[in-house]
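Architecture at a glance
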Protein chains: 4
Amino acid sequence: MNIRTAKTIQERREALEKETGSSLHHSGHYSLDDMVASTRNCENMIGVTQIPLGIAGPLLMHNAECIMQNYYIPLATTEGALVASVSRGCKVITQSGGVVVEVEDVGATRGPVFRVETIAEGQKLETFLFDHFDEIKNVAASTSHHLTLKTYMVSGVGKYRFVRFVFDTGEAMGLNMVTIATTAIAEYIYKTIGIQCVDISGNFCVDKKPSWLNFIHKRGKAVRAEVTIPSSLVTTVLKTTPQAIYDAWLSKCMYGSLMSGSLGFNAQYANVVAALFLATGQDPAHIVEGSMGVTTTEVCEKPVTRYTQHKNSDLYVSVYLPDLMVGTIGGGTGLATQREALTLLGLKPGEEKSARTLAGIIGGAVLAGEISLLASLAEGSLAHAHEKLARGK
Amino acid sequence: MNIRTAKTIQERREALEKETGSSLHHSGHYSLDDMVASTRNCENMIGVTQIPLGIAGPLLMHNAECIMQNYYIPLATTEGALVASVSRGCKVITQSGGVVVEVEDVGATRGPVFRVETIAEGQKLETFLFDHFDEIKNVAASTSHHLTLKTYMVSGVGKYRFVRFVFDTGEAMGLNMVTIATTAIAEYIYKTIGIQCVDISGNFCVDKKPSWLNFIHKRGKAVRAEVTIPSSLVTTVLKTTPQAIYDAWLSKCMYGSLMSGSLGFNAQYANVVAALFLATGQDPAHIVEGSMGVTTTEVCEKPVTRYTQHKNSDLYVSVYLPDLMVGTIGGGTGLATQREALTLLGLKPGEEKSARTLAGIIGGAVLAGEISLLASLAEGSLAHAHEKLARGK
Amino acid sequence: MNIRTAKTIQERREALEKETGSSLHHSGHYSLDDMVASTRNCENMIGVTQIPLGIAGPLLMHNAECIMQNYYIPLATTEGALVASVSRGCKVITQSGGVVVEVEDVGATRGPVFRVETIAEGQKLETFLFDHFDEIKNVAASTSHHLTLKTYMVSGVGKYRFVRFVFDTGEAMGLNMVTIATTAIAEYIYKTIGIQCVDISGNFCVDKKPSWLNFIHKRGKAVRAEVTIPSSLVTTVLKTTPQAIYDAWLSKCMYGSLMSGSLGFNAQYANVVAALFLATGQDPAHIVEGSMGVTTTEVCEKPVTRYTQHKNSDLYVSVYLPDLMVGTIGGGTGLATQREALTLLGLKPGEEKSARTLAGIIGGAVLAGEISLLASLAEGSLAHAHEKLARGK
Amino acid sequence: MNIRTAKTIQERREALEKETGSSLHHSGHYSLDDMVASTRNCENMIGVTQIPLGIAGPLLMHNAECIMQNYYIPLATTEGALVASVSRGCKVITQSGGVVVEVEDVGATRGPVFRVETIAEGQKLETFLFDHFDEIKNVAASTSHHLTLKTYMVSGVGKYRFVRFVFDTGEAMGLNMVTIATTAIAEYIYKTIGIQCVDISGNFCVDKKPSWLNFIHKRGKAVRAEVTIPSSLVTTVLKTTPQAIYDAWLSKCMYGSLMSGSLGFNAQYANVVAALFLATGQDPAHIVEGSMGVTTTEVCEKPVTRYTQHKNSDLYVSVYLPDLMVGTIGGGTGLATQREALTLLGLKPGEEKSARTLAGIIGGAVLAGEISLLASLAEGSLAHAHEKLARGK
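So, here is what we can say about the structure in this document. Not measured: the values here are computed from a predicted model. (Residues numbered from 1 in each chain as written. Chains lettered and ligands numbered in written order. Predicted model: local features only at pLDDT ≥ 70, side-chain atom pairs only at ≥ 80, totals over all residues. Heavy atoms only, no water.)

1. Description of the packing of helix 4 (residues 119-131) of chain B against helix 5 (residues 133-141) of chain B
All names here are of chain B. Here helix 4 crosses helix 5 at 75°, and the two axes come no closer than 5 Å. Judged by the angle between their axes, helix 4 and helix 5 are roughly perpendicular. Of helix 5, the residues touching helix 4 (which contributes F128, L129, F130 and D131) are F133, E135 and I136. (Axes fitted to C-alpha atoms, helices over the stretch in contact; angles between N-to-C directions. Helix = DSSP H or I, 4+ residues; strand = E, 2+ residues; numbered from the N terminus. Parallel < 35°, antiparallel > 145°, perpendicular 65-115°, else oblique. Contact = heavy atoms within 4.5 Å.)

2. A closer look at the pairing of strand 5 (residues 148-157) of chain A
Note on strand geometry: in a regular strand, side chains alternate between the two faces of the sheet. Residue and element names in this part refer to chain A. Two strands pair when backbone bridges link them, and strand 5 and strand 6 (residues 160-168) are joined in this way by nine bridges, in the antiparallel orientation. Note on strand 6: the bridge partner recorded for T148 is D168. Between the antiparallel neighbours strand 5 and strand 6 lie two residues, among them G158 with a positive phi of about 50°. (Pairing = 2+ DSSP bridges.)

3. A few points about helix 5 (residues 133-141) of chain A
All names here are of chain A. Along helix 5, the residues classified as buried are F133, I136, V139 and A140. Projected down its long axis, helix 5 carries its buried residues within an arc of 115°, all on one side. Of the exposed residues in helix 5, the ones pointing more than 90 degrees away from its buried face are D134 and N138. Residues of helix 5 that are buried in the fold lie against helix 4 (119-131), strand 5, strand 6 and helix 6 (175-193). (Buried < 20%, exposed > 50% of the residue type's maximum accessible area, 1.4 Å probe, protein only. Arc of directions from axis to C-beta.)

4. Notes on the environment of C:S96
Residue and element names in this part refer to chain C. With respect to the helices and strands, S96 occurs in the loop between helix 3 (82-95) and strand 3 (99-110). Residues S96 and V234, 138 residues apart in the sequence, show an inter-C-alpha distance of 9.9 Å. Here the side chain of S96 touches V92 through a polar contact of 2.6 Å, landing on its backbone oxygen. (Polar contact = N/O pair within 3.5 Å; in protein donor to acceptor, adjacent residues only side chain to side chain.)

5. A look at the pattern of salt bridges
Two side chains that carry opposite charge are able to pair once their charged atoms sit near each other. Overall, the coordinates contain 48 salt bridges over all chains when judged by the stated rule. One salt bridge in this structure joins B:K159 and B:E117, with 3.3 Å as the shortest N-O distance. Of this pair, B:K159 sits in the loop between strand 5 (148-157) and strand 6 (160-168) while B:E117 is found in the loop between strand 4 (113-115) and helix 4, placing the two residues 42 residues apart along the sequence. Among the salt bridges present, the one from C:R115 reaches C:E117, with a minimum N-O distance of 2.9 Å. Via salt bridges that share partners, A:R115, A:E117, A:K159 and D:E298 belong to a single interconnected network. (Salt bridge = Lys/Arg side-chain N within 4 Å of Asp/Glu carboxyl O.)

6. Points about the interface of chain A and chain D
Every contact between the two is made by 29 residues of chain A and, on the other side, 29 residues of chain D. The contact between chain A and chain D buries some 2400 Å² in all, and 56% of this surface belongs to carbon and sulfur atoms. When the buried area of chain A at its contact with chain D is split by residue, A:I119, A:I216 and A:R224 rank highest and sum to 25% of it. Across the contact surface, chain A and chain D share two salt bridges. Between D:R115 and A:E298 there is a salt bridge; the shortest N-O distance is 2.4 Å. At the surface where chain A touches chain D, the tally comes to 11 residue pairs in polar contact (both at pLDDT 80 or more). Those elements that place two or more of their residues in the side of chain A that touches chain D are strand 3 (99-110), helix 4, strand 5, strand 6, helix 7 (212-217), strand 8 (219-229), strand 10 (293-303) and strand 11 (311-324) of chain A. Its residues placed into classes, the side of chain A that touches chain D shows 14 nonpolar, eight polar and seven charged. (Buried area = accessible area lost by both parts, 1.4 Å probe. Nonpolar A, V, L, I, M, F, W, Y, C, P; charged D, E, K, R; others polar.)

Here's what the structure looks like:
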């Protein structure tokens, strides 16, 4: 018995445990450690909310270090058809040779706002930050061994100046860490030059809100993922054509999104990001940031043979997620079922580059979701096209 | 023993069951009905993800029908301090006489995109929609008893036209329903005038993506909630002053958000929306839409007595959430633990106006979260202010 | 001697006067009527700024009433190459059979903001507007014979409510008119229900600022213009290919604009809008609104004959300008040189539908500018492509 | 006779010539040098468009080098009341001790888009830019003595990568210069690593379109200007109160702008920017970028004496314009009337820091416009407030 032939949930869990060598004990039982959860994750706790956990894949991925690997994707969801949809995308990606992923460590950000009384005082703050960046880095470092201040940018209006501090927080999503570090920096600034922080988080972070600043400057991990699907697989697995998918994409993800003033030029990032975030213990409020991004498609024409004019068209699809706040340690990642999902992905809490790999897997799974949904939309309109052609006869 | 004196999770659950008369059986045990969940909510299911469930409140609310009621707010979260933060907000709201809530039934939307070859054909589509709106309503109605087409708007560029259909879907969030209805409408249009739908969902809905269209035109339920907190409660419960909260709000929710090109002019809508959505079985990808919105604060000066110049300042705080996609039936609302959370709020699945009430409660809880976080931020900077004054002596 | 063979500015002016039967007397002499201008248009006047005026075209247009007509396009500009660029676009459009234009009379808008103390008072305002819309229309109508209130929409946060009133202002751009009408409406509301207007223009108009509200809801005139250019003309006149233009457009007007959070998904609307606005006496601050909009391109494949697989590709190009605030009477349209430019276009001040026609002409000229610039950009990269192919041999 | 007592346009011009020592000969006569204009600024020229030119001020300014100076502001406009409005603002600023201005030399930008076939090729481009930045700077420098490449940023989706090059272009606005330099850079990249530029301007510049990228990253000159107006001047000159102006500002420039998804959180930047741009020969299409920005106001409470509780309130007002594309040489600045306007401001073409000073003056004039319009709006609502108080008796 294997994951495909399994009939019941228990059989499927056992097959998966066997195939991946990981344990799924807690996912099958109520076993949340109340003491831990109620201390670290939730005050006034009364129990748990249970969310169905499904498995998509396997997805063949070339990870950040270019090692190919198959991943089963854990998706916690209540939306029927999502797991099936991602699975179809995984199938066509894997048969196409796998997804190539690029992950950029942007860093966690905090954007405190400071009060200045004049333009001159604003310049004083800017000068201080520039001249004392090394000291400020030390102040930040003194608050945690797991954190490094990488860079910053300044902006402001009227009597307020915003500083966006960018931190490396290792394998943790790190928001608590950077809040503590930023508080220490703000103290240091206040003590040294008397300029006061009004809000330690001044919405210049920008935390858990859609924003062009995060879209343009990126936050957490920025991920690109791409695949070229041979024409034949588009036909057989996705039941449509590269051109039909392109048309569906152009009208929806370009025209539709821009006509509605959206920051999501994609089909369904939020669905896949949500399911993976919940399964792996990420902060669900960060789904907001993960919903931003851009899908592209392209019909790649190529002669079938050098002797014919006739062309065969492959389909290139890519996703770009500029703002994934993820980690493999801290927050909800330590809870039993969430930890099992991370283990299923081969990720050990806090292990080096594990957060990068997690971000890459999310990118790959999101790509699978895009391909599958765009194919479904295209198939719908394709039906009409066929019908129209038939009537044309 | 009551909810406040309860020490363990089990005691707390029992106290809550006693006080509200609702059952919390499933929240305390692994008891997801695998058959139901794996059929309706999740393919290839292997178990569950467990998320800690805490209780904030009680929150005194004047609901849509202006009946005052106390609510315990169920929050599924892994973010430490969130429940405590919302609870503090609930406390100060309740002591201030409760939150007033306004809920507008905007409706679920679908935005299909149609292909036209010329400007003239685009006009033909617009004319058809206008002239045959009654027939189109009937087509929609024929797909479900639970759905009514309310209105539509048209836009478009080049050879594409977008139609945003707005539906009343009763107590369900209704996205599946409106997809089916929109498919039928698209069929009807195609059969009648030969204009083809390219994507049944053309990102003019706009589903699960941040967008100015939804912000401006609203979607699902649009909610306003407001409270005026007496100066004395700001001091005693929130440990800060109305003016300090106002300053924290102005710099963060106005200046910070606009300087970062955000659609979230608020402190932490996403946190509270996420926790309530997960607890009550809403689609977590809709947190994206729920993160948009605007918090306002105002210091209301009033003479303490008619004989003194001295003024006392109350604090007015409001929230505006233009886009809450919620329901009490369908999706994840039927799962055992999620159903319990709805029951705890006194909501019966599909009961008339239950979705409105749920939206109102979310508005009230979001307001509680805003007050509490802004007070914390203000308190931080207030500490400095005091220090500064002290040094000034 | 005609417009093409003219060598000097005077010869060109005379040829144009002869061909179009309009006078260009003032454009050739300092002849601004100081008394008029200093009374109506400019306080503390000291003279004039002179801006070079060039002529592009002729442009063959199917205007709103589908009557074909040739237009010479007056462009006041200091940017070398602009007139030549628009002329090239006009040439290829005209040879392709002309541009088809659609103009929608959206209307001038004013968005006052009202102060309410509670949600209930906000509802009172909404109810009043709904119940007394006829009275409000009468109030508006009483302020001018040239103005009709068409519709409105309401929004708001906290203690503020915004109302966007939409007016038909005939052939005038009408902003002064609608300000007066809105002031009267605000007076009426205040006197009747005691709710006070805080700003008669509350940036919900939205006047002279880029905004998604105007993009989505449109303002003034909304214009679409389209043309299909035969493959052969793309090659001979534009010196490039349909596919190269498509690639230039996709990367610039779609990807480039969305990656930069722009509201202008186009190549150079602002240049052409500015030159036509200045020439015809429109308010130059409205260029801001005219810069928003979307260009689309499409390669239309068609078999050359029924016997060959070989395909020939035409190029479809369209523009969409949702927000053109224009008029043929009032503001700067009465100044001598500006009036001459309007006359050159066959537009009489205030004549019925003259503002529509002007908007349509702007749409056509903007289309010409887009085609020409995209072709230039494409030609640049095409050079490389050829080079690359050559090297590949 | 002086500028205030002058009755006719000629008298005013003469008085201004006398007071400032500059010539206004051309502004009073049709004297455009046809040969020059038709060669450099406008093809197919047929004459000129004449725009009334008025004078506001004097405005007392602390310029970038902190030298106080009075400026008469030349405004080319057809909008009645604009000059008067700016003049009133200048008066109150000057009487308050003058405006303080901060100008940042951000630089002119070009954002070409490159084609890559894979993620790996994209990384190759990024690496090349990083490793060969010095060579690229040299390539840029080789195209003009007046230009230096300062920095760059990279972004991209799918098979496209955008590079935003930032240049110092001295006293010229410099767009033509940076296009030539960017073309040379693109050639160099193509020849060295074979990666091709698709559009030399890929809307990542972002030129003449509203965009969050320019808002956040700034472009050209970024300007802040601020003033604190004593309470007494608000009353006597502006006929309103600091609090009323604050209320008008909060509801309009904050709430109104954010509710409409605007990038202009201000009252009327576009009006003043347009009039100054036209008068001084800037590119009118850049008004679009100049319309973005943020006005702030603040009521500064201070005890009148140490013995009273009674407080007097001053009014702080600031403007922030992140994107002013201006120069004192090139483009339309060489035309006779435009040159006169620059000379009137004491600016010599191409003189060091003259573009900075021009940007600062624009900032100061924009501040004057904001103060005046907000005061007018406040005065309107203030009237009601008084009336209400009266009725309350």
